[in-house]
Structures are given as structure tokens and as C-alpha cells.
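Chains, contacts and geometry: an overview
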Amino acid sequence: MDTTLMRTVTLATALGTGVLGGVFVGFSTFVMPALDRLAAGDAVRAMQAINVTAPRGLAVPLAVSGLGSLAVGGWALARSSGSARALLVAGALTGVVALGVTAAYHVPRNDALGRVDAGSTAAATAWQGYAPGWVAMNHVRAALSLASAGLLVAGVVKGG
């Protein structure tokens with residue numbers, strides 16, 4: 001692939017991972033704490049609604065981040081060298097791992113929460129079992145996404 005095209009793909013991927021990181025930080029710092037202030041059934045109901053809407057709203061950054069990370073990582077391994085290569089590969093890898101955390105950890109928990117009857121007495125137990133771990137792993141994917149964005153931009157600046 002042409003170097004200019006790959007720089008463009010790399011910067012678009014950095015933008016995608018950066019947007020995702022920002023969304024994840026927002027969830028950890030104000031959305032989930034706000035939901036914790038609600039009655040458990042209301043928190044479950046609100047999160048169920050968010051989990052229906054969020055994937056549609058984040059489809060473009062998720063696709064750009066995932067596909068871009070794979071393309072950048074492959075290109076960097078095949079064509080790049082030196083410190084730019086290391087930065088680009090690290091950025092691509094952290095982007096893929098962030099999406100892996102989403103797929104392996106958050107999606108199954110969101111799906112399970114979606115099956116909870118928010119009006120039942122089980123909603124409180126479900127929310128207490130869901131929220132703390134979800135937030136902790138959300139911090140992880142936020143950090144990975146933001147690190148990916150930074151590493152990819154640094155790789156472009158270094159000449160990748």
C-alpha cells in the first residue's frame with residue numbers, strides 16, 4: 001500500500017480509537033456513577049436502553065478502530081522499520097486488545113443484563129454483580145484505546 005494512504009489509515013484509526021477511549025472514559029467517570037445513584041431497577045432499565053443504542057452509535061469508530069488496527073499492524077510489520085514500526089505495531093495491538101476486551105468481557109455482560117427483568121427483586125443483585133466489574137474493565141479498555149491512539153499518532157510522527 002502507498003505510504004500516504006497508510007498514514008491516512010493510521011490517523012483515521014487513531015481517531016477511531018481516540019473517540020472510543022473518550023466514550024469509555026465518559027462512561028466510567030459520569031454515566032455509571034450517575035446510574036449508581038438510581039434505584040437498581042432504574043439503573044438496569046437505563047443500562048439496558050444504553051446497551052441497545054450504543055452499538056449503533058459507535059459502529060463507525062468500532063469498525064475503523066478494528067479494521068484499521070489490523071491494516072496498520074500488518075502494514076507496519078511488512079513495510080515499516082525502526083521506532084516507527086514499533087510504535088505502529090504497539091498502537092495496532094493495543095487497539096485490537098481494546099476491542100477484544102469489549103467483545104470478550106463487556107458484550108456478554110451487557111447481553112446478560114439485557115435479560116434481567118428490571119422490575120424484579122433480582123434487579124438489585126444483578127446490578128450489584130454487573131456494575132463494579134464492568135466499570136473496572138471499562139477503565140482497561142479506555143486506557144488501551146487512548147494508548148492506541150497515542151501510539152499510532154507517534155508512529156506517524158516518527159515516519160511510519
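Residues numbered from 1 in each chain as written. Predicted model: local features only at pLDDT ≥ 70, side-chain atom pairs only at ≥ 80, totals over all residues. Heavy atoms only, no water.

1. Details of the overall build of the chain
Going by this rule: Where helices and strands are cited, they refer to DSSP runs of H or I of at least four residues and of E of at least two residues respectively, numbered from the N terminus. The classification of residues rests on relative accessible area computed with a 1.4 Å probe and restricted to protein chains. Under 20% of the type maximum is buried, over 50% is exposed, and intermediate values are partly exposed. For this analysis, residues touch if any pair of their heavy atoms sits within 4.5 Å. Computed with the Shrake-Rupley method and a 1.4 Å probe, the accessible areas treat only the protein chains shown as cover for residues. The convention is simple: Lys and Arg are positive, Asp and Glu are negative, and His and the chain ends are not counted. Charge positions are represented by NZ for Lys, CZ for Arg, CG for Asp and CD for Glu.
The secondary structure content of the chain amounts to 5 helices and 0 strands. Reading the chain from its N end, one meets helices and strands in the order α-α-α-α-α. Considering only C-alpha atoms, the chain reaches an extent of 60 × 20 × 20 Å along its principal axes. Residues classed as buried in the chain amount to 40% of the 160 residues present. Once local pairs closer than 6 in sequence are excluded, the contacts in the chain between residues at least 24 apart make up 83%. In the structure as shown, the chain presents an accessible area of about 7,800 Å², 69% of it carried by carbon and sulfur atoms. Charged side chains in the chain number 10 positive and 5 negative. The centres of these two groups are separated by 13 Å.

2. Looking at helix α1 (residues 3-36)
What counts is decided by this rule: Any helix carries an expected span of 1.5 Å times its number of residues minus one. In this scheme, the bend at a residue equals the angle between the axes fitted to the seven residues that finish there and the seven that begin there.
Taking 1.5 Å per residue, 34 residues should reach 50 Å; α1 reaches 47 Å between its end C-alpha atoms and fits that length. The sharpest bend along α1 comes to roughly 45 degrees, located at Phe-27.

3. Thoughts on the confidence of the model for the chain
Let me state the cut-off plainly: pLDDT is a per-residue confidence score from the predictor, ranging from 0 to 100.
Scored by pLDDT, the chain has a mean of 94; 99% of the residues are at 70 or more. Looking across the chain, the model is least confident in helix α3 (residues 59-79), with a mean pLDDT of 91, and most confident in helix α5 (residues 122-157), with 97.

4. Description of the nonpolar core
We count it as follows: Among buried residues, those of type Ala, Val, Leu, Ile, Met, Phe, Trp, Tyr and Cys that are joined through side-chain atoms within 4.5 Å constitute a nonpolar core.
Formed by 15 residues in total, the largest nonpolar core has its most connected members in Met-32, Leu-35, Met-47, Trp-127, Tyr-130 and Trp-134. Counting residues per element, this core draws most heavily on α5, at 6 residues. Not counting chain neighbours up to four residues away, the residues in contact with Met-32 comprise Phe-27, Met-47, Trp-127, Tyr-130, Ala-131, Trp-134 and Val-135. Met-6, Ala-14, Trp-75 and Leu-88 belong to the second largest nonpolar core, which has 7 residues in total.

5. Side note on the side chain of Thr-10
Secondary-structure assignment places Thr-10 in helix α1. Since its relative accessible area comes to 1%, Thr-10 is described here as buried.

6. Looking at the pattern of salt bridges
The line we're drawing: Throughout this description, the term salt bridge denotes a Lys or Arg side-chain nitrogen within 4 Å of a carboxyl oxygen of Asp or Glu.
Applying the stated criterion to the full structure yields 1 salt bridge. Here Asp-42 ties to Arg-45 by a salt bridge, and the two come within 3.0 Å at their closest N and O atoms. Here the residue Asp-42 and the residue Arg-45 both occupy positions in helix α2 (residues 40-57), the gap between them amounting to 3 residues, near one helical turn.

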